[in-house]
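Overview (structure and organization)
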Amino acid sequence: MLSALFVVLLTAAMPVSKPEPIKPENLEKAMAALKTASADGTISYKELKTIATEAKGAKLTLKERIGLKLFGKKITSKTDAPFQGAGKSQVIALILCALLGGLGIHRFYLGYTWQGVVQLLTLGGCGIWALIDLIRIITGDLQPKNEDYETTL
């Protein structure tokens, strides 16, 4: 209890530094660098870090670097998203479910990895879950993750 109080008192006594505002001339330079760096549609973490450092006019803090890394991953996942489920066929999903439904192979194919693992371990919920998935695929209710089927029944 005493150590928790000590930690609270120490953290409360630490000064909080306010971030410096970004200067307009630095922002203009950073925007120009961003346009040239992303001309091919991709940008690396190193390029993002350089641009952010130029915009700030000082070295990035640990929090800013972590945020930039997460932001860069989010940008990459958003640009790759249209191609994740490309080519998924409802007919293939139906065949996989009919033949290997108890193993959950159709769930792996549709992009539902964790549900596929659970179906694999439970043998498709003793066949009940696989039967429900078969009906859902036929009706078009079970779609690929974050996508629609490219080829339907």
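Attention here is on the structure that accompanies the text. (Residues numbered from 1 in each chain as written. Predicted model: local features only at pLDDT ≥ 70, side-chain atom pairs only at ≥ 80, totals over all residues. Heavy atoms only, no water.)

Let us look at unusual backbone geometry. The backbone of leucine 123 sits at a positive phi, close to 55°, despite the residue not being glycine. For leucine 123, the position within the fold is in helix H7 (residues 113-126). (Helix = DSSP H or I, 4+ residues; strand = E, 2+ residues; numbered from the N terminus.)

Bringing the pattern of salt bridges into the picture now. Inspection of every chain in the model, using the stated rule, returns two salt bridges. Linking arginine 107 and aspartate 133 is a salt bridge whose minimum nitrogen-to-oxygen distance equals 2.9 Å. Taken together, the residues span a long stretch of sequence, with arginine 107 in helix H6 (residues 105-110) and aspartate 133 in helix H8 (residues 128-139) at a distance of 26 residues. Given a relative accessible area of 4%, arginine 107 falls into the buried group. A salt bridge links aspartate 141 to arginine 136; the shortest N-O distance between them is 3.0 Å. (Salt bridge = Lys/Arg side-chain N within 4 Å of Asp/Glu carboxyl O. Buried < 20%, exposed > 50% of the residue type's maximum accessible area, 1.4 Å probe, protein only.)

Another point: a positive patch on the surface. Together, Lys46, Lys49, Lys59 and Lys69 line one region of the surface with positive charge. Summarising the element assignment, lysine 46 is placed in helix H3 (residues 45-56). According to the relative accessible area criterion, lysine 46 is exposed, its value standing at 66%. (Patch = residues over 30% accessible without salt bridge, like charges linked within 9 Å, V, L, I, M, F, W, Y side chains within 5 Å. Areas by Shrake-Rupley, 256 points an atom, 1.4 Å probe, with all protein chains shown as cover. Lys, Arg positive; Asp, Glu negative; His and termini not counted. Charge placed at Lys NZ, Arg CZ, Asp CG, Glu CD.)

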